[in-house]
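A look at the structure
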Amino acid sequence: MKFARVFLFVFGSLICSACAEQPTGTYVDPAAVTVMPSPWPKPAIAAPNAPPRILALWMNETKIPSGSDWRGRVVTSTNVASVEIRTESFSFVAERPAFGVFQFRQHVLDMVPYYKRNYVVQVVARNTAGDQTIRLVPVEFR
């Protein structure tokens, strides 16, 4: 009886972990993200119902130490209503100073050791209809 309960617990744990949501999208090389495009592309003009597009993505760091400022910029098509920066542990929306231009600046506080690890940051651009495109960037919080 005890063996059956242990077996069911282990089997159930494996099934649940296999069902965990994995990030989907296009992976971006972390080294390429830290190189600022020159010249910056202009936002692509797009109809409101057109699929959203990410044209350029820049972050000042992908190995982010505690106590530092983490900054980024995203250039999209003009129909993008929001850009979300998220992982399994945090999420925030980038500021939009102009159509197709998004930026963020986060001060990284000192973290407990459990949160100092590798993450896959999802940069999600959405239009008003809810269509989205996603870029995945591996980062490390130190």
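Every value quoted in this text rests on a predicted model; they were computed, and no experiment measured them.

The next thing to look at is the pattern of salt bridges. A full pass over the atoms with the stated rule returns six salt bridges. We note a salt bridge from E140 to K63, for which the minimum N-O separation is 3.7 Å. Separated by 77 residues along the polypeptide, E140 in strand β10 (residues 132-141) and K63 in strand β3 (residues 63-64) bring together distant segments of the chain. Given the relative accessible area of 47%, K63 is considered partly exposed. For R126, the salt bridge goes to E84, with nearest N and O atoms at 3.0 Å. Note that R126 is positioned in strand β9 (residues 118-127) and E84 in strand β5 (residues 80-86), a separation of 42 residues in sequence. Taking the relative accessible area as the measure of exposure, E84 reaches 13% and is therefore buried. One network of salt bridges, in which partners are shared, links K63, E140 and R142.

Across the six residues that make up strand β2 (residues 54-59), a large majority, five, are buried. Relative to strand β4 (residues 69-76), β2 runs antiparallel, the two being bridged by five bridges. The residue bridging A56 from the neighbouring strand is V75, located in β4.

Another point: the sheet that holds strand β7 (residues 95-98). Taking strand neighbours across the sheet as the criterion, the four strands line up as β2-β4-β8-β7 in an open arrangement whose pairing is antiparallel. In this open sheet, the two strands that pair with only one neighbour each are β2 and β7. Sheet twist, expressed as the mean angle between neighbouring strand axes with direction ignored, is 20°.

On to the pairing of β5. Most of β5 is tucked away, with five of its seven residues classed as buried. The pairing of β5 with β9 spans six bridges and is classified as antiparallel. Residue pairing across strands places R86 opposite Q122, the latter belonging to β9. Relative to strand β6 (residues 91-93), β5 runs antiparallel, the two sharing three bridges. Opposite R86, over in β6, you have S91 as the bridge partner. The turn linking β5 back onto β6 is made up of four residues.

The subject of this paragraph is the packing of aromatic side chains. For the structure shown, the criterion picks out nine aromatic pairs. Judged by centre distance (5.6 Å) and plane angle (85°), the ring pair of W70 and F141 falls under edge-to-face. Of this pair, W70 sits in strand β4 while F141 sits in strand β10, placing them 71 residues apart in sequence. This pair shows no difference in class: W70 is buried, exactly as F141 is. Arranged with centres 5.5 Å apart and planes meeting at 85°, the rings of Y119 and F141 form a pair that is edge-to-face. Separated by 22 residues along the polypeptide, Y119 in strand β9 and F141 in strand β10 bring together distant segments of the chain.

About the cut-offs
- Residues numbered from 1 in each chain as written.
- Predicted model: local features only at pLDDT ≥ 70, side-chain atom pairs only at ≥ 80, totals over all residues.
- Heavy atoms only, no water.
- Salt bridge = Lys/Arg side-chain N within 4 Å of Asp/Glu carboxyl O.
- Helix = DSSP H or I, 4+ residues; strand = E, 2+ residues; numbered from the N terminus.
- Buried < 20%, exposed > 50% of the residue type's maximum accessible area, 1.4 Å probe, protein only.
- Pairing = 2+ DSSP bridges.
- Axes fitted to C-alpha atoms, helices over the stretch in contact; angles between N-to-C directions.
- Phe/Tyr/Trp six-rings, centres within 6.5 Å; stacked < 30°, edge-to-face > 60°.

So far we have only geometry, and geometry alone does not tell us how the molecule works.
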